[in-house]
Amino acid sequence: MDQLLVKNIGTIVGIERQGRLRLKGAEMDRMERLDNAWLLVTDGRIESFGSMDDFPCVPSAKTVDARGGMLFPSFCDSHTHLVYAGSREQEFLDKIHGLSYEEIARRGGGILNSADRLHETSEDELYRQAMERINEIMMMGTGAVEIKSGYGLSTEDELKMLRVIRRIKETSPLEVRSTFLGAHAVARKYKGRQKEYVDLICEEMIPRVAAEKLADFVDVFCDEGFFTVEETARIMEVGAKYGMIPKIHANELAVSGGVQVGVAHHALSVDHLERMGEEEIRVLTESETMPTMLPGAAFFLGMSYPPARDMIAAGLSVALASDYNPGSSPSGNMRMVMALASFRMKMTPTEALHAATLNGAYAMGLSKDFGSISEGKVANFFITKPMRSFEFFSYAYQTPLVKRIFLRGKEYKKA
C-alpha cells in the first residue's frame, strides 16, 4: 500500500462531497473549502481529508508539509490541439498587420499550414515536441487533457497524429483522452471537392481510426467556411457507429447551427461558442451537452468572448479549456484561462475554477474520477505558495504561485 499524507494545508479548495458530475447555474458560484487541513492519499486516490485539529497518525505514509499553501484539484483541459509541428508566428505577424483568421485561412495558412508541416515531420519528432508541451501544462497544474488530431487531413497523417496521442497516453502521468478531428478543414488536394473529402472521412478515415482503437471522440469544425450542419451530422453519425462519442467545434465564426446539431447528436460538449443567441442557450438547457468556452482563442484572435453570464444565468453548466494550438491559442496555461474568464466574461473565480476542473472533467467523460477533491477520486492536485485568499490565484494571474504538482498521489518536479 502506497500512502501520502499532506499536512498544514492553508485551505483545500474545490471540495465536492455530493458526488455531482458537473455543476450548473448558481451551483457554480458555491464551493466548499476547508482551512488548516490535511489530506491522505492511498494507492493514488484520495482516501480522506480533514482539519489539522484531528491530524491522523499514519506511520506508513510519506508526509509532505504544504507550509500553509492552498491545495487545488488539478485542471482538466478538455480541448487542445497540442500535437503539432513547429509554430506559426508568421501568422501572428499577419494578424498584427490586419488580416483576419478567415483571410489567413483563404491564403492557405492556418490549419492547412500546420497540415503541411505535420506531413513532413516524423512520428518520433511529433511525439518529442508534444511531450515538451505536455510537461509544460503539467507543471502549470493540468492533470487531465483531451488532445485532437486534425492537422493531418489525410488518412495516414491523421493516423500518425492519433498514434502520437496514444504514445502520450501510455507514457505521460496525465490522464489523456483522444479525439479524431479529420473534419478540421478540407485538405488542399480536395479543394473544391468538399463532398469527396467528407466521403473520405466517413468511408476510410473513421473505420481505420476505429480499427486501431485510436480515438475516444469524433469532432467536426461546424462553422462558416468549414463544414456544414449536414456534413457534421453525417460525420458524427458515422463516428458514433464506430464507438466514438461526438464533440463539436461550434459557433466560433458565425451562428452556424453547430450547437443544435451537436445537441441533436448527443455531443458530450460543444466548444468555442463566441457567437451565441437565445436559441442556442435554450437548446443547451434541454440537453446533457457541456458548453465549453475557449477564451484564450478569443484573446489571441481579438474576437468577442462567449456570453458566459447569460449561460450561467440560464442554469447551464459551462466548462473552460485552453484550445492549446499553434494558430489561435498558443498556450495551455489554464490559470490564464481562468483569469480571462473573470476579466473578460465576468465569471467569478469560483465559477472559473469549477469550469476548469469538475466541468472540464465532465466534458471528457472523466468527472467520476477527476476534477474535484473528493474521497475516492484520483489524487491529482497541486499546492500553491501561501496566499491571502483563494481569489488571489486569479487576480495575480502571472505571479508564480503553483509550487508542487501531484498526479495519482506522486509528486512531479520540473526537469
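Conventions used here
Residues numbered from 1 in each chain as written. Predicted model: local features only at pLDDT ≥ 70, side-chain atom pairs only at ≥ 80, totals over all residues. Heavy atoms only, no water. Salt bridge = Lys/Arg side-chain N within 4 Å of Asp/Glu carboxyl O. Buried < 20%, exposed > 50% of the residue type's maximum accessible area, 1.4 Å probe, protein only. Helix = DSSP H or I, 4+ residues; strand = E, 2+ residues; numbered from the N terminus. Axes fitted to C-alpha atoms, helices over the stretch in contact; angles between N-to-C directions. Parallel < 35°, antiparallel > 145°, perpendicular 65-115°, else oblique. Left-handed = near helix turned anticlockwise from the far one by under 90°. Contact = heavy atoms within 4.5 Å. Nonpolar A, V, L, I, M, F, W, Y, C, P; charged D, E, K, R; others polar. Phe/Tyr/Trp six-rings, centres within 6.5 Å; stacked < 30°, edge-to-face > 60°. Lys NZ or Arg CZ within 6 Å of the ring centre and 35° of its normal.

(A) Spotlight on the pattern of salt bridges. Using the criterion set out here, one finds 27 salt bridges in the structure. When the shortest N-O distance is used, the salt bridge between Lys148 and Glu146 registers 2.6 Å. Accessibility expressed as a relative area gives 0% for Lys148, which makes it buried. The buried category is assigned to Glu146, whose relative accessible area is 0%. Across the pair Glu279 and Arg282 runs a salt bridge, and its minimum N-O distance is 2.7 Å. Here Glu279 and its partner Arg282 are both found in helix α9 (residues 278-285), three residues apart, which amounts to about one turn of the helix. Linked by salt bridges that have partners in common, Lys195, Asp199, Glu203 and Arg234 make up one network.

(B) Inspection of the packing of helix α12 (residues 334-345) against helix α13 (residues 349-356) at higher detail. Axis separation between α12 and α13 bottoms out at 9 Å; the angle between their running directions is 135 degrees. The orientation of α12 relative to α13 falls into the category oblique. Between α12 and α13 lies a crossing of right-handed hand. On α13, the residues that touch Met334, Met338, Ala341 and Ser342 of α12 are Pro349, Ala352, Leu353 and Ala356. The residue inventory of the contact of α12 with α13, partitioned by class, reads seven nonpolar, one polar and no charged.

(C) Broad picture of the packing of aromatic side chains. All told, the structure shown has twelve aromatic pairs when counted by the stated rule. Ring geometry for Tyr84 against Tyr324: centres 6.5 Å apart, planes inclined by 70 degrees, an arrangement best described as edge-to-face. Residue Tyr84 is found in the loop between β6 (75-80) and α1 (89-96), and its partner Tyr324 is found in the loop between β14 (319-320) and α12; the two are separated by 240 residues along the sequence. Tyr84 sits in the buried class, given a relative accessible area of 7%. Put simply, the rings of Phe72, Phe75, Phe382, Phe390 and Phe393 pair up and form one aromatic cluster. The residue whose ring lies beneath Arg167 is Tyr127, and the NZ or CZ to ring-centre distance is 4.2 Å. Sitting over the face of the ring of Phe217, Lys247 holds its NZ or CZ atom 5.0 Å from the ring centroid.

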